[in-house]
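Structural overview
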Amino acid sequence: MEGSSAEAALSVSANSIRITDVTQDGDVLTFAIASQKLNSSAGVCVFRMYEDFDWLQQSLFSEENLPGLQGIIFPPLPSKALPSQSNTQTKALKQLGFLALGQDWQSYCKALEFYLQQVAAHPTLCKCKALDSFLINSESPGKQRGRKGIFNRLSQAVEEMRKESHKDVDNFFQNERNKNTNLAASSKVATEKLLDVVMTEQKLAVACGHFATSLHLCVNQDDAAAVAFSKEMLFRRTCKLIELETVKKGTEKAKANKREVMEAFQKAVEKEFNLISSVAKQEIERFHSSRVKVLKTFLIGWCELQLNTAKEFAELYSQHLEACRNMYSE
């Protein structure tokens, strides 16, 4: 029913509203908003910045021709994204929450799209002329905003702070205000805790990536530097083996007056080669043992972190489940 009344007040279909693309120019994001005309196959596409969305929200707040406007629950407009600050994951999460987790602003676009759909589907807000202008006019409506809107917003904020603690004469609305205050605080805490879990899992993923890179360097046969690093000892032993074989051939071909000297030299080279081989075998065993130990330690640590994260998840979910069960029992 709400969708029907909404579409009757708009020149476009509320269900057809989509944000199809976003472009970035420094700190400015421009969104392509597409919709379809009612009773027509014709489509409309306009380009809007965040300031235009803010202008729409303020226009909805200050609409004078809609009776009962102050009793409406307005769809929340997502916070403004600042791309230059959002390059740092932590700052982005603090600023936008889960909307910062999407790639190429997809999650943020979906949030703005959902906001427009909610406004367009509202049986009262859809009658606001500013909404139709926002969706179909090629000119940016945000150009109409001025300093007056900013002062009005500040004045409204001060007025709300002054009146928010005033006790309501109707217990139903007073209880709703109390519940909303508690729910907002709990939602904020829950979101922050869940974001902490997400950040922890991302750090684990990065750590796993670094570890995988380290392992890759040890076995990579395409990189000459990696091969030299991982096979340097084997190469040195091979060089000594070639030297020993050359000495043996020289000894076999040596004349009688030089054979004794060559045999003594061969024994010295052979002794050195055997020593290198003996040390190399010990080093190989130590290397394999050390590599297994390091891998085992890392995997155990990773599994313990995963287990701790799972336990924290379970504890948080248990707390939220208990809170949900008790939400309406009081």
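Now for a description of the structure that goes with this document.

The rules we used
- Residues numbered from 1 in each chain as written.
- Predicted model: local features only at pLDDT ≥ 70, side-chain atom pairs only at ≥ 80, totals over all residues.
- Heavy atoms only, no water.
- Helix = DSSP H or I, 4+ residues; strand = E, 2+ residues; numbered from the N terminus.
- Buried < 20%, exposed > 50% of the residue type's maximum accessible area, 1.4 Å probe, protein only.
- Pairing = 2+ DSSP bridges.
- Contact = heavy atoms within 4.5 Å.
- Salt bridge = Lys/Arg side-chain N within 4 Å of Asp/Glu carboxyl O.
- Axes fitted to C-alpha atoms, helices over the stretch in contact; angles between N-to-C directions.
- Parallel < 35°, antiparallel > 145°, perpendicular 65-115°, else oblique.
- Left-handed = near helix turned anticlockwise from the far one by under 90°.
- Nonpolar A, V, L, I, M, F, W, Y, C, P; charged D, E, K, R; others polar.
- Polar contact = N/O pair within 3.5 Å; in protein donor to acceptor, adjacent residues only side chain to side chain.
- Phe/Tyr/Trp six-rings, centres within 6.5 Å; stacked < 30°, edge-to-face > 60°.
- Lys NZ or Arg CZ within 6 Å of the ring centre and 35° of its normal.

Positive phi outside glycine occurs at N39, with the angle close to 55°. Among the secondary structure elements, N39 is positioned in the loop between strand 2 (28-36) and strand 3 (43-49). By relative accessible area, which is 86% here, N39 ends up exposed.

This part takes up the pairing of strand 2. Relative to strand 2, strand 1 (residues 18-25) runs antiparallel, the two sharing seven bridges. Note that in strand 2 the partner of Q24 across the bridge is L29. Hairpin connection between strand 1 and strand 2: a loop of two residues separates the two successive antiparallel strands, and G26 in this loop has a positive phi of roughly 70°. Bridge analysis of strand 2 against strand 3 gives seven bridges, and the strand direction is antiparallel. In the strand pairing of strand 3, F31 is matched with R48. Linkage of strand 2 to strand 3, two consecutive antiparallel strands, is achieved through a turn of six residues, within which N39 is found at a positive phi near 55°.

Now for helix 5 (residues 129-136). Burial runs high along helix 5: six of the eight residues are buried. On the buried face of helix 5, the contacting elements are strand 2, strand 3, helix 2 (50-61) and helix 4 (106-121).

Looking now at the pattern of salt bridges. Pairing between side chains of opposite charge can happen when the charged atoms of each approach one another. The final tally for this structure, using the stated rule, is four salt bridges. Put simply, E51 and K80 hold a salt bridge, and the shortest N to O gap is 2.6 Å. With a gap of 29 residues between them, E51 in helix 2 and K80 in the loop between helix 2 and helix 3 (89-96) connect regions that are remote in the sequence. We classify E51 as partly exposed; its relative accessible area is 23%. In this structure, the salt-bridge partner of E243 is K240, at a minimum N-O distance of 3.0 Å. Pair noted here: E243 and K240 are both in helix 8 (residues 224-253), with a separation of three residues, about one helical turn. Looking at E243, the relative accessible area reads 32%, which means it is partly exposed. With relative accessibility at 12%, the residue K240 sits in the buried group. Taken together, the shared-partner salt bridges in this structure form one network comprising K240, E243 and E272.

Turning next to the packing of helix 2 against helix 4. The contact between helix 2 and helix 4 brings their axes to 12 Å, and the two run at 25°. Taken together, the axes of helix 2 and helix 4 are roughly parallel relative to one another. Handedness of the crossing formed by helix 2 with helix 4: left-handed. The segment helix 2 lies against helix 4, with Y50, F53, L56, Q57 and L60 engaging Y108, L112, Y115, L116 and V119. Taken together, the residues that form the contact of helix 2 with helix 4 break down as nine nonpolar, one polar and no charged.

A few words on the side chain of D132. Following the sequence through the fold, D132 ends up in helix 5. Within the structure, D132 has its side chain in polar contact with the side chain of S11 (distance 2.8 Å). With residues up to four places along the chain from it excluded, the contact list for D132 reads L10, S11, V12 and N137.

Our next topic: the packing of aromatic side chains. Per the counting criterion, the structure on display carries five aromatic pairs. Judged by centre distance (6.1 Å) and plane angle (45°), the ring pair of F31 and Y108 falls under tilted. One end of the pair, F31, is in strand 2; the other, Y108, is in helix 4, and 77 residues separate them in sequence. Both residues of the pair, F31 and Y108, count as buried. Judged by centre distance (5.6 Å) and plane angle (20°), the ring pair of F313 and Y317 falls under stacked. One end of the pair is F313 and the other is Y317, both in helix 9 (residues 256-326) and four residues apart, which spans about a single turn. Ring pairs connect the aromatic residues F31, F53, Y108 and F134, which therefore count as one cluster. One residue, R48, lies across the ring of F134, its end atom 5.4 Å from the ring centre.

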